[in-house]
Amino acid sequence: MSTHIRPALVLLLLFTVVTGVAYPLVVTGIAQTIFPRQANGSLIVKHGKPVGSSLIGQPFDDPNYFWSRPSATSPQPYNAMASSGSNQGPLNPALTDAVKDRIKALRDADPGNTAPVPVDLVTASGSGLDPHISVAAAQYQAARVAKARGLAADKVQSLIAAHTEGRTFGVLGEPRVNVLALNLALDGALH
């Protein structure tokens with residue numbers, strides 16, 4: 001029996017060192033060298049302090065800011081520890097009620113806006129953490145933000161255009177706007 005235990009313990013120790021220590025250190029070193037911003041969470045820094053990540057959304061409900069798409073995470077929105085969708089199908093009455101409430105909130109915040117509400121402003125993403133909205137969702141909110149901030153509409157439009165990210169590799173996905181980056185640019189536009 002001891003002839004089997006010793007090799008098993010040596011292999012356990014060897015694989016623990018290789019897969020539990022050496023491999024993570026090598027991968028971390030490569031990531032820190034080649035992709036340091038991404039390896040450290042793609043943080044957005046303002047005045048030397050991190051204010052968020054370009055990969056995880058944040059809730060905004062102040063009329064002075066562009067609003068993110070809803071988050072289905074719990075117990076609070078954009079909880080990265082609880083990434084998930086609502087798993088409510090299109091015929092689920094709870095989803096229908098939530099969408100109606102969100103449309104009402106958008107209409108109440110901007111009563112003069114009669115444009116169709118973009119779907120991403122009333123439905124959560126699959127992860128519940130999406131930091132982006134569609135260009136249509138940003139355009140839908142532009143007049144409200146411009147009015148609330150006292151900015152010219154063309155200034156807000158130019159900020160949207162400047163913060164619109166194209167398709168990944170030029171073909172994947174749709175053009176999108178990072179809400180946190182756009183809102184930080186809005187704050188900078190006031191100075």
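Position numbers for residues start from 1 in each chain and track the written sequence from start to end. Only residues with pLDDT of 70 or above have their local features reported here, since the model is predicted, and side-chain atom pairs are shown and tallied only from 80 upward, although totals for entire chains, interfaces and linings are computed over all residues. No hydrogens and no water enter the side-chain calculation; it runs on all heavy atoms of the structure.

1. Observations concerning helix α5 (residues 153-162)
So, step 1. Relative accessibility thresholds used throughout: buried, under 20% of the residue-type maximum; exposed, over 50%; partly exposed, between the two (1.4 Å probe, protein chains only). In this text, helices come from DSSP runs of H or I with a minimum length of four residues, and strands from runs of E with a minimum of two, each type numbered from the N-terminal end. Of all the positions in α5, only Val156, Leu159 and Ile160 are classed as buried. Buried residues in α5, looked at end-on, bunch into an arc of 100 degrees, giving them a common side. For α5, the exposed residues set more than 90 degrees away from the buried face come down to Asp154, Ala161 and Ala162. What the arc covers is the set of directions going from the helix axis to the C-beta atoms.

2. Observations regarding the packing of aromatic side chains
So, step 1. Pairs were defined over the aromatic rings of Phe, Tyr and Trp, the Trp ring being its six-membered one, requiring ring centres within 6.5 Å. Orientation was assigned from the angle between planes: stacked under 30 degrees, edge-to-face over 60, tilted for the rest. Summed over the entire model, instances satisfying the criterion amount to one aromatic pair.
So, step 2. Consider the rings of Phe60 and Tyr65, whose centres lie 5.7 Å apart with planes at 35 degrees: the pair is tilted.
So, step 3. Overall, Phe60 belongs to the buried group, its relative accessible area being 19%.
So, step 4. Lying across the ring of Trp67, Arg144 places its NZ or CZ 4.1 Å from the centre. Charge-over-ring placement is defined geometrically: NZ (Lys) or CZ (Arg) within 6 Å of the ring centre, and within 35 degrees of the ring normal.

3. Examining unusual backbone geometry
So, step 1. Phi at Tyr78 takes a positive value of approximately 60 degrees, unusual for a residue other than glycine.
So, step 2. Along the chain, Tyr78 turns up in the loop between β2 (49-53) and α3 (93-109).
So, step 3. A positive phi angle is found at Phe169, which is not glycine, with a value near 55 degrees.
So, step 4. If you trace the backbone, Phe169 turns up in the loop between β4 (164-165) and β5 (176-178).

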